[in-house]
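# Coordinate inspection notes
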Amino acid sequence: MQLSVNGRRREVAYPDELLVWVLRDELGLTGTHYGCGIGACGSCTVLLDGQVARACLTPARAAAGREVTTVEGLAHGEQLHPVQRAFLENPLQCGWCLPGHLMSAAALLERTPNPTDAQIKEAAGVNLCRCGGYNAIRRAVARAAELKREDG
Amino acid sequence: MKPVTRRRVLIGLGSGAGLLVVGVPLALNAGRPAIVDYIEENGTGPQDAPRNPDLWFEVTPAGVTFFVPKIEMGQGIHTALAQIAAEELEVTPEQLTVRQADTARGYAGGTMFTFGSTSVKALYRPLREAAATLRELLREEAARQLGVPATRLTAAGGSFFVAGSRERIGYAQVVAGKQGEWVIPEATPALKARREFKRIGRAMPRTDFRDKVLGTATYGYDARLPGMLFGAVARPPRFGARLVSASAGAAGRQPGVVRVVIDAGAGFAGVVARTRTQARAALPSLDLRWEGGTTASSADLDAQIQAGSGSVLRRRGNVRAALSGGTVVQGEYRTPLAAHAHLEPLAALADVKAGGRIEVWASTQYPQMVIDDLRDVFGKDREVLVHPTQLGGGFGRKAGQHAALEAARLSAAVGKPVHVGWTREEDLQHAFYRPPTHHVLRGSVDPDGRLRGVEQFTAGGDIIWGQTGIPEFVRDALGFDPGGLLGQFMPYDFPAYRVVNRREALPVPTGYWRGLGVLPNTFALESFMDELAHAAGADPLAFRLQHLGSGEDGRRLRGVLERAAQAAGWGTPLPAGRARGVACCLDLGTASALVAEVSVQEGRVQVHRVTVAVDPGLVINPDGARLQAQGSVMMALSSALHEELTIQDGRVVESNFDRYRLLPMRDAPPVEVLLVESGDEPQGMGEPVMGPAAAAVANAVFTLTGERLRTLPLRPGQG
Ligand code: FES
Ligand code: FES
C-alpha cells in the first residue's frame, strides 16, 4: 500500500498497523510522538487532508488516498511554518507534546485565522503538556496567528 | 570502555593539527577551586585524551563544541550551562555548539546523573573555571603566535584582539597554528564579577528547541539504527510476582516474530519482531507462570502509612508545655500514591555486538545506572557506551529505568539492534511511584496570636531507600528516608517544635518523584500554618510574615511572600465566589511563595490565577527559570486537583490517561512568575516550586467555603 506523507508517496509494508507506528517505526518520521495510544494526550496528532487526527487511533490503511501531514512536513524548505516560529519564540520544556500542539494549532489557524483565547484552549482539546507549558502554548498559538497574518 | 581510573588528565590533542580537546574532571566537593587540584595532581603538557571528564570542550576550525554533561529533559539545562560556559569563554551563543556528552565524553558515575535540581548549582563555578582556563590557554598561545604579550589581548566573540591595533586572531586559528605543548595557567583565572556578565542572567535562545519544532530531535523513543528490530517484554501480573516458569508457547509462531528471549531465572521474557506492534501482539502467547507478589490494595497502603512514631528529626523547646496552653489546633493530612506520567514513556535502543561493545541510546537521567545494569548481566569488564538522548520528561522516573537492559538482552539474542519502547499502560502500571504520606499536626497559638509550638508526625513510603539496594535493617536503623526530608520542616520562628518521622517499605515500588518530599510535606505544613493563622484570628499572610525569623531564610521568604502578595493584590476585593490562598516554601536553597485565586463549582475546584514569586539566589536564564516555575506550578496543581493512583489486588488500577487524569489546558490558569534574586549563587530551580501550590489552593478553598481540605487530590464536599 502507498501513503502520501508530506507530499511524498511512501510504500507501506504494514498497512494494518496504526499510523503512529507506521510513521515512526517504518517511515522513520519520529517527529510524531506516542504518549497514550488511546486518543487521550494528543502527542500523535497529524493532519489528514488538513483535519486533525490521532495517529494512535488511525489504522494506516485509513489514511490511504488522503494527504498525511506530520510535523516534519510543516516547514517549506528553510521557511518554518508560523506555528513553528511562534513556538521557537515561546518554547516549552521537553517538547514531547509539541508535535501535537503544532499540528492542532496549524489546523486551527487554517479554519480560524483570528482565534480567541477560548478557541485556542478549545482547539488544544485533549492535548496534554506534562511539563505544564500551557501558558506558553496559548501565547505561541496567538503569536502564530499574528505571524500567519503577517505572512499573508 | 576501559576501567574507570581516577587519573586526571586535562588536555588531549586530537590527532592532526587543528583540534584541541579539553576534558575537565571535577572534584566537586573540594574546598579549593577544583581546577587547581587536578592541574596540580596531573601536571601539564600534551597528554592522552581525557578520561572520565566531567566537562569536555573541543576547539576546531568550525568553532567551539561543548559536550554538556547533564541530560536535557526539558529543564533547559543545555541552554543554561551553555550560557555559563559562553560567559567565560567569550564566545557568542552562535559560536558555541552544544552537544549531549555520551559516556565516553562525560563521567557517567558523577556529573552526568541529572537529578535534584543540582545541575546549575553544582556546575556554576567549576564550569566557569574550566571555560576561563580554556580561554587562557588559547590566549597564551595566541600571544605566542602574534608575538605580543598576552596582557595586550582582549577576548571577545571567539577572537583575541590586540590592544591598540586592528590585529585579531580567532580561537580556531590559534588551535590550527599551534605548535608544541599547551601551557596550562598556573592559577585558576579570575572569574568575572556579576556586573561584568554579558550572558548569565539574560535570555538566550534554547539550544534544543529548533530541532524540537522541526520534529527532528532524537528522544529515546526515536533512536533508530539500520536493520533494527523491535522488542516487547512481559510484565508481572502483580507487584513482586516472580516468574517461576517460562516457555515460548505459541509466541514464536506469531506474525513477524524473530525471536523469543527467555531468562526465567532473571524474570525476563521478551519477544523480538519486525514491528513493535507484532512484538507486543505476541506477548500474550508466551507461556508464563508467575507466582506470589502482593495482593495489597490502597487501603492496605494507607493503613501501613501511619504517622505517630519514628525518628525524632528536630526538637526545640518544650512542646508538651507549649501545647498545654493557648488555642490548640489539630490537623491530619494525606497525600496519595502518584505517577510521574512523563509524556515520553521509557525507551531505549541497544546494539550488542557479540562479545564486543554494547552501545545504547536511552532516555535516562542516570547513565551510570544503565552501565551498571548492563555490566551486571553482560560482565563486569564489558565495554559499554551510553548515549543519553533528549528526554520527553523525566521527573525522577528516568533516574531508575531498565529499558536499556531490556533492549540489550533482546539485541544480544538476535545480534541486531533492538528498540524497546514502553506503552503508557506499562509506564503507569509497572513503575515506581511517589509514595503516599500521612501527616498529623498539633499546634497552639497564644491569645495574642503568637505560635507557641508545633508537634509534627509524618509518615511516608520510601523514596531514596526505595531505589537503592540498601538493606532493610540499615534503613530501619536510620529510621527516616532522606528524600522525605525535603520540605519537612516549618521555616518559621516559634519556641517549641518537635518533628517525628517514620518511613515504610511498601509492597508497591516507590521512589523519586519531582521534588521528593517537597510537595506532600509543604501541602501539609502550609495548610496547617493556615489553620493556625485562622485559629489566631490573623490574616494568613500577616501571620506568616509575623513568624519569619530575622536570619537569611526568613529574609528571603519575606521577600517572596511580599512580592507575590503585592502582585496578586492580596487583601483587595475579589468577585463574589472567589478567594485567595497563600503558601510558601524553602527548598534546595530556593524560596518561593504562591498566591492562588480559586472558585468552587459543583464540587470542583477551579484555579483562576496563580502568582508565584521565586528566589533562586541568582538567575542564569530568566526565560528558563520562568518555564521551570510555571511547569512546577502546573504539575503541582495537577497533583492537587486530579492525580491519584489506586492499588487493587497488587496492581495499579489506572492504566492510562482516561483514568489517570492530568491537568488539561482548559483547567490551566495563567501563572505569573516573579523572579527575585537575592544572592550571588544560583540555587535549585527544577523542583522547589513544586511546594506551595497545593496548600495555597486548599487555603483559598477554606477561605471561600470554610471547608478545610486535608487530603490530595482536593475534593470539596467529600471530606
Ligand atoms: S498517543 Fe495518540 S492521543 Fe496520545
Ligand atoms: S513540554 Fe514536556 S510534555 Fe509538553
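Residues numbered from 1 in each chain as written. Chains lettered and ligands numbered in written order. Predicted model: local features only at pLDDT ≥ 70, side-chain atom pairs only at ≥ 80, totals over all residues. Heavy atoms only, no water.

### Notes on the overall build of chain B
- Scanning chain B from terminus to terminus reveals 17 helices and 28 strands.
- Across the 719 residues in chain B, those meeting the buried criterion constitute 60%.
- Taking contacts inside chain B between residues at least 6 apart in sequence as the whole, the part at least 24 apart equals 78%.
- Accessible area of chain B: about 25700 Å², with a carbon and sulfur share of 49%.
- Where the 79 positive side-chain charges of chain B centre and where its 74 negative ones centre are 2 Å apart. (Helix = DSSP H or I, 4+ residues; strand = E, 2+ residues; numbered from the N terminus. Buried < 20%, exposed > 50% of the residue type's maximum accessible area, 1.4 Å probe, protein only. Contact = heavy atoms within 4.5 Å. Areas by Shrake-Rupley, 256 points an atom, 1.4 Å probe, with all protein chains shown as cover. Lys, Arg positive; Asp, Glu negative; His and termini not counted. Charge placed at Lys NZ, Arg CZ, Asp CG, Glu CD.)

### Details of the overall build of chain A
- The helix and strand tally for chain A stands at 5 helices and 5 strands.
- Each helix and strand of chain A, ordered N terminal to C terminal, gives the series β-β-α-β-β-β-α-α-α-α.
- Over its C-alpha atoms, taken along the principal directions, chain A stretches across nearly 40 × 30 × 25 Å.
- For chain A, with 152 residues in total, the buried portion stands at 61%.
- Counting only contacts in chain A whose residues sit at least 6 apart along the sequence, the fraction spanning at least 24 positions is 57%.

### Considering the pattern of salt bridges
- What the rule picks out here adds up to 54 salt bridges over all chains.
- Within the structure, one salt-bridge network assembled from shared partners comprises Asp462(B), Glu472(B), Arg475(B), Asp476(B) and Arg503(B). (Salt bridge = Lys/Arg side-chain N within 4 Å of Asp/Glu carboxyl O.)

### What about the pairing of strand β23 (residues 579-587) of chain B?
All names here are of chain B.
- Burial of β23 is extensive: 8 of the 9 residues sit out of reach of the surface.
- Pairing analysis gives 9 bridges linking β23 to strand β24 (residues 590-601), with the strands arranged antiparallel. Note on β24: the bridge partner recorded for aspartate 587 is threonine 590.
- Here β23 folds back onto β24, and the loop between the two strands holds 2 residues, one of which, leucine 588, carries a positive phi near 50°. (Pairing = 2+ DSSP bridges.)

### Description of the sheet that holds strand β14 (residues 311-316) of chain B
Residues and elements named next belong to chain B.
- Strand order across the open sheet formed by 5 strands is β14-β22-β21-β20-β15, with mixed pairing between neighbours. Two strands bound the open sheet, and with one partner strand each, they are β14 and β15 (327-335). Strand-to-strand twist of the sheet, defined as the mean angle between neighbouring strand axes without regard to direction, takes the value 10°. (Axes fitted to C-alpha atoms, helices over the stretch in contact; angles between N-to-C directions.)

### A word on helix α3 (residues 119-146) of chain B
All names here are of chain B.
- Compared with an ideal rise of 1.5 Å per residue, which puts 28 residues at 40 Å, α3 spans 39 Å between its outermost C-alpha atoms and is within 8% of the ideal.
- Of all the 28 residues making up α3, 22 are buried; the element is thus mostly covered by neighbouring parts of the structure.
- Just downstream of α3 lies glycine 147, where phi reads positive at about 70°. (Expected span 1.5 Å × (residues − 1).)

### Brief notes about the packing of aromatic side chains
- Across all of its chains, the model carries 14 aromatic pairs over all chains by this definition.
- Geometrically, the ring pair formed by Tyr34(A) and Tyr221(B) is tilted, given 5.9 Å between the ring centres and 45° between the ring planes. Of this pair, Tyr34(A) sits in the loop between α1 (19-26) and β3 (45-48) while Tyr221(B) sits in the loop between α5 (209-214) and β9 (229-233), each in a different chain. Here Tyr34(A) and Tyr221(B) have matching classes, each one buried.
- Of the aromatic side chains, those joined through ring pairs into one cluster are Trp21(A), Tyr34(A), Trp96(A), Tyr219(B) and Tyr221(B).
- We note Arg128(B) situated over the ring of Tyr124(B); from NZ or CZ to the ring centre the distance is 3.9 Å.
- When the ring centre of Phe702(B) is taken as reference, the NZ or CZ atom of Arg708(B) above it lies at 4.4 Å. (Phe/Tyr/Trp six-rings, centres within 6.5 Å; stacked < 30°, edge-to-face > 60°. Lys NZ or Arg CZ within 6 Å of the ring centre and 35° of its normal.)

### Here's the deal with the interface of chain A and chain B
- Every contact between the two is made by 42 residues of chain A and, on the other side, 58 residues of chain B.
- Both sides of the chain A and chain B interface together cover about 4200 Å² of buried area, and 59% of this is carbon and sulfur.
- Taken together, the connections running from chain A to chain B amount to 4 salt bridges.
- With a shortest N-O distance of 2.6 Å, Glu643(B) and Arg130(A) are connected by a salt bridge.
- Between the two partners, chain A and chain B, sit 27 residue pairs in polar contact (both at pLDDT 80 or more).
- Listing elements by their share of the side of chain A that touches chain B, those giving two or more residues are α1, α2 (82-89), α3 (98-111), α4 (117-124) and α5 (134-151) of chain A.
- Counting residues per element, the side of chain A that touches chain B draws most heavily on α5(A), at 5 residues. (Buried area = accessible area lost by both parts, 1.4 Å probe. Polar contact = N/O pair within 3.5 Å; in protein donor to acceptor, adjacent residues only side chain to side chain.)

### Quick notes on the pairing of strand β22 (residues 496-504) of chain B
Residue and element names in this part refer to chain B.
- With respect to burial, β22 is a largely interior element, 7 of its 9 residues being buried.
- Relative to β22, β14 runs antiparallel, the two sharing 5 bridges. Bridged to arginine 315 within β22 is arginine 498.
- Both strand β21 (residues 451-461) and β22 contribute to a ladder of 9 bridges, which runs parallel. Bridging from a neighbouring strand, glutamine 456 pairs with valine 499 of β22.

### Thoughts on the domain arrangement of chain A
All names here are of chain A.
- Domain parsing of chain A yields domain 1 (2-73) and domain 2 (82-151).
- Taken together, the 19 residues of domain 1 in the interface contact 13 residues of domain 2.
- Between domain 1 and domain 2, the buried area comes to about 1200 Å², and carbon and sulfur atoms account for 63% of it.
- Scanning the region where domain 1 abuts domain 2 turns up 0 salt bridges.
- Joining domain 1 to domain 2, the criterion identifies 4 residue pairs in polar contact (both at pLDDT 80 or more). (Domains from an automatic or database assignment.)

### Focus: the UniProt feature "domain: Aldehyde oxidase/xanthine dehydrogenase a/b hammerhead" (unreviewed entry) in chain B
- If you check UniProt for "domain: Aldehyde oxidase/xanthine dehydrogenase a/b hammerhead" (unreviewed entry), the listed places come out as residues 214-294 of chain B in our numbering.
- The span residues 214-294 of chain B is 10% helical and 36% strand by assignment, and the distance between its end C-alpha atoms comes to 46 Å. (UniProt positions renumbered as here; feature names shortened; annotations may be inferred.)

### Quick look at the nonpolar core
- Membership of the largest hydrophobic core comes to 174 residues, with the highest contact counts inside it found for Leu19(A), Phe87(A), Leu532(B) and Val697(B).
- Those residues in contact with Leu532(B) that lie beyond four places of it in its chain are Val329(B), Gly443(B), Ser444(B), Val445(B), Leu451(B), Val454(B), Met490(B) and Phe543(B).
- Within the second largest apolar cluster, 47 residues are counted, among which are Val64(B), Ala130(B), Ile200(B) and Met204(B). (Core = buried A, V, L, I, M, F, W, Y, C linked by side-chain atoms within 4.5 Å.)

### Overview of the environment of Ala53(A)
All names here are of chain A.
- Looking at where alanine 53 falls in the secondary structure, it is placed in strand β4 (residues 51-54).
- A C-alpha to C-alpha distance of 25 Å links alanine 53 and glutamate 146, two positions 93 residues apart in sequence.
- Dropping the residues within four chain positions of it, alanine 53 is found in contact with Cys44, Thr45, Val46, Leu48 and Thr58.

### Quick word on the packing of α3(A) against α5(A)
Residues and elements named next belong to chain A.
- It is at 10 Å that the axes of α3 and α5 come closest, and there the two elements cross at 45°. For the element pair α3 / α5, the angle class is oblique. When you trace α3 past α5, the crossing you get is right-handed. Where α3 abuts α5, its residues His101, Ala105, Leu108, Leu109 and Glu110 lie against Ile137, Val141, Ala144, Ala145 and Lys148.
- For the contact of α3 with α5, a count of residues per class yields 7 nonpolar, 1 polar and 2 charged. (Parallel < 35°, antiparallel > 145°, perpendicular 65-115°, else oblique. Left-handed = near helix turned anticlockwise from the far one by under 90°. Nonpolar A, V, L, I, M, F, W, Y, C, P; charged D, E, K, R; others polar.)

### A closer look at the sheet that holds β4(A)
Residue and element names in this part refer to chain A.
- Taken in spatial order, the 5 strands of this open sheet run β2-β1-β5-β3-β4, and their pairing is mixed. With partners counted over all chains shown, the strands left at the sheet margins are β2 (8-11) and β4, one partner each. Strand-to-strand twist of the sheet, defined as the mean angle between neighbouring strand axes without regard to direction, takes the value 40°.
- As judged from the 2 bridges shared by β3 and strand β5 (residues 67-69), these two strands associate in the antiparallel manner. Bridged to leucine 48 within β5 is valine 68.

### Things to note about helix α13 (residues 518-535) of chain B
Residues and elements named next belong to chain B.
- Between its first and last C-alpha, α13 extends 25 Å over 18 residues, near the 26 Å set by a 1.5 Å rise per residue.
- Counting buried residues along α13, 16 of its 18 residues qualify, which places the element largely inside the surrounding structure.
- Phi turns positive one or two residues past the end of α13, at glycine 537, with a value near 70°.

### Some points on the state of the cysteines
Residues and elements named next belong to chain B.
- For the coordinates displayed, the defined rule picks out 0 disulfides over all chains.
- No disulfide involves cysteine 585; its sulfur sits 7.6 Å from that of cysteine 584, the nearest cysteine.
- Residue classification places cysteine 585 among the buried positions, given a relative accessible area of 4%. (Disulfide = S-S within 2.5 Å.)

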